[in-house]
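Chain and residue survey
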Amino acid sequence: MVLNKIFPFLDWIKGYNLKSFQVDALAGLTVALVLIPQSMAYAQLAGLPVVYGLYASFLPPMVAAMFGSSRQLATGPVAVVSLMSAASLQPLATAGGPEFIAYSILLAFIVGIFQFSLGVLRLGLVVNFLSHPVVNGFTNAGAIIIATSQLSKFFGVSVDSAEHHYQTMIWVAQAAMDYTHWPTLCYGIGAVAIMVALKKINPKIPAVLVAVVITTLISYFSGYNNDLRVPVTAVQTPEFAGTVDEFNKTVKEIDTLATERMAKGKELEKVEKEHKSHGPSLEAIGLHNDVALLSARMKQLEEHSAELRSHLRKMKFEKAQQGDKALFYVKNNIPAGVETDHNTWRMKVSNAVLKTDSLRMMGGGEVIGKIPEGLPKLTMPKLEMSTVLKLLSTAVIISLLGFMEAIAIAKAMAAKTGQKLDPNQELIGQGLANMIGAFSSSYAVSGSFSRSAVNLQAGGLTGISSVITSIMVVLTLLFLTPLLYHLPQAVLAAVIMMAVIGLINTKGFVHAWHAQKHDGIISVFTFVLTLVFAPHLDKGIMIGVGLSMAVFLYKSMRPVVAKLSMYKDGSLQSSEHHRLRGCRHIAVVRFDGALFFANASYLDEQIIKFRTDMPDLRYVLLDASGINDIDASGEEELALLVDRLHAAGFGFAVCNAKGPILAVLDRTHLFDKIGRENFYPDTRAAVADIVNKVHESPDLPSEGCKSCPLTKYLPQ
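Residues numbered from 1 in each chain as written. Predicted model: local features only at pLDDT ≥ 70, side-chain atom pairs only at ≥ 80, totals over all residues. Heavy atoms only, no water.

Attention now goes to the sheet that holds strand 9 (residues 572–574). The strand order across the open sheet built from six strands is 9-8-10-11-12-13, with neighbouring strands paired in mixed fashion. The sheet terminates laterally at strand 9 and strand 13 (679–680), the two strands that pair on one side only. Sheet strands touched by helix 27 (residues 683–695): strand 8 (560–566), strand 9, strand 10 (586–592), strand 11 (619–623), strand 12 (651–655) and strand 13. Its angle to strand 11, the strand with the most contacts, is close to 175°. (Pairing = 2+ DSSP bridges. Helix = DSSP H or I, 4+ residues; strand = E, 2+ residues; numbered from the N terminus. Contact = heavy atoms within 4.5 Å. Axes fitted to C-alpha atoms, helices over the stretch in contact; angles between N-to-C directions.)

Take a look at the structure:
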């Protein structure tokens, strides 16, 4: 039993046979056919080379299946987690660079540690901090951000990432209006058309794989990719070489200043640590100024390099052939007598220094290109406390979001299969998948809705299907990567777009609004703010969580305090809700919520209000059926309330109090102060007794008690 708890996969062995293996093997193969192209697309979404998507599909699916509780959950790269990973790391390093890759792997490791710790400590309920309205708003915004982030690949244009996503999209639109590579757009639209058509014909057909195979074959035979490597002297424009040289100098200076700023930053940390107890030193102030000046200079240079990069990207050329030498002339500015190919060529410009002896000129569309063959090396992620602290907040959000996505999918499948799920065990499985995956160069992963659905439809019985999926990824890395060379980038963009369409759920906003208006407002706020702050996605979701917590605290501080009266079925109901007439002399009050420090005074406020509204009030009956907990502040406030009522000559009684509440009142002697005779097991007995006490009181006018609403439906 203990072994099964530690190694959940041992349960698979019971009754497992060859027929079960055949079913699992087919399901695992089917999932792999979807996973391989999806993982490469999601890797690019995460700002990584495509091969890292395959690395993230190597060990994580197998580990998550073996140590999780769900037998059909397919773990691996997913859209939202990929986007969040990229968004959190872009301020720290250049996407696709060595530092960025190292940070991505470290982030996965931290996510894994956090998830694993929550699972071991049985703290799976912590995901409840992410309410459904917040997740719905964030997911819808995330889907839109993910889909629109692929538009540049659809149109075959290159732009820098702006501070805000909407600004980047404006730049993409401007670049597309300036020049759209029509074959690239056709590949993207064609891939979408293939996937949509096949999904309608038969959902079991691996539409993603079919689209990838067809477009890759067309790309290969049509010569879609047409790149040339040429020296800077091949471009026959006087100012071109000077622009390239200026761009390279600017990029090199930025790198130099970045290194210098990093060194100054470390020196500053050391100085601040040494003088922590003595306040800021002159040396620390000087280093602060140095870092600020370096940052300002870097920002100035980055703006200049962005202008140069944009200028170079907008340049369009035509190629002329002189023997075996290719020459490039600016389009619409070709000297008379020069014969060109009339094709539009552009230069590939990234954030790195341009190799002046090997500029990449593009006469066609972009393809995946060469993917490194072989399995990733097993290495320990580089742990630096300063970096860990930078990534911690994002890691927590990704951990909770990723797990929420995984457990929601697992629950949906468990409802169909009848399997019992353990959320904490699932956290352990997801945590180990991220931790162990980080040793094999994987970035953060989670459960995939689309691939889990494929696994279930294909008849996957146990986690063996995920093991088969991992084996297929291994075979791909070892032998099949050359076949993917001519896969168009636009097709991967189409794969991502099709995958995230299912995340858009506008009905979720309406549902949240119908449930509670404030939930609908929070969902919309989270959606809008996530879009506005993108690519800083953590801000949108943190504000959403903050709003949810604020509403929760407000409702906890001001719980429902209902005045009750007798309903026609003989039960006590809210007089306001059912429009019932109450007794002028007896206030029956129900407090719905825990009586604790944040709301203890609110009960007293409401009783005072009833006293003001009811000048003939003689008795207060507290229906404690809604009080599930009481702390010291709540007990103290209740004791003061009893003292004030007694001092004013009012009676006070309690009915329907639960055992734990009575135990607190007994330990604090408030039980005796109220009087044991003033505690009633149910409301009817309390009302019947109090009505007799009050109405028989000699100082109460008899004419006011002849038709008391509280006695109208009481059994005679």
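Next up on the list: the pattern of salt bridges. Going through the model one piece at a time under the given rule, you end up with 20 salt bridges. The residue glutamate 253 makes a salt bridge to arginine 297 at a minimum N-O spacing of 3.3 Å. Separated by 44 residues along the polypeptide, glutamate 253 in helix 12 (residues 238–274) and arginine 297 in helix 13 (residues 282–314) bring together distant segments of the chain. Arginine 297 gets classed as partly exposed once you look at its relative accessible area, which sits at 33%. Via salt bridges that share partners, Asp227, Lys348, Arg360 and Glu366 belong to a single interconnected network. (Salt bridge = Lys/Arg side-chain N within 4 Å of Asp/Glu carboxyl O. Buried < 20%, exposed > 50% of the residue type's maximum accessible area, 1.4 Å probe, protein only.)

Its place among the elements puts glutamine 167 in helix 9 (residues 165–178). In this structure the C-alpha to C-alpha distance between glutamine 167 and valine 588, which are 421 residues apart in sequence, comes to 59 Å.

Right, let's get into the nonpolar core. In terms of nonpolar packing, the biggest core is built from 94 residues, with Met40, Met84, Leu130, Ile146, Met195 and Leu537 touching the most fellow members. For this core, the element with the highest residue contribution is helix 6 (residues 98–120), accounting for 11 residues. In this structure methionine 40 touches Val50, Gly53, Leu54, Ile371, Leu484, Leu487 and Leu492, once residues within four positions along its chain are discounted. (Core = buried A, V, L, I, M, F, W, Y, C linked by side-chain atoms within 4.5 Å.)

Before going further, it helps to examine a nonpolar patch on the surface. Taken together, the side chains of Leu375, Ile471, Leu475, Leu478, Phe479, Leu480 and Leu483 present a nonpolar region at the surface, about 640 Å² in accessible area. The residue leucine 478 is located in helix 17 (residues 464–480) in this model. Take leucine 478: its relative accessible area is 33%, and that puts it in the partly exposed class. (Patch = residues over 30% accessible without salt bridge, like charges linked within 9 Å, V, L, I, M, F, W, Y side chains within 5 Å. Areas by Shrake-Rupley, 256 points an atom, 1.4 Å probe, with all protein chains shown as cover.)

We now examine the packing of helix 14 (residues 385–417) against helix 15 (residues 423–439). A packed helix pair is summarised by two numbers, namely the angle formed by the two axes and the spacing between the axes. Two numbers describe how helix 14 lies on helix 15: the axes approach to 10 Å, and their chain directions differ by 125°. One way to sum up the angle between helix 14 and helix 15 is to call them oblique. Classified by chirality, the crossing of helix 15 by helix 14 is right-handed. Note on element contacts: helix 15 touches helix 14 through Pro423, Glu426, Leu427 and Gln430, opposite Phe403, Ala406 and Ile407. (Parallel < 35°, antiparallel > 145°, perpendicular 65-115°, else oblique. Left-handed = near helix turned anticlockwise from the far one by under 90°.)

With the exception of glycine, most residues fall at negative phi, and the peptide bonds are largely trans. For serine 441, which is not a glycine, the phi torsion comes out positive at approximately 65°. What makes serine 441 buried here is its relative accessible area of 13%. Residue histidine 669 is not a glycine yet carries a positive backbone phi of 65°. Position of histidine 669 among the secondary structure elements: in the loop between helix 25 (659–667) and helix 26 (670–674).

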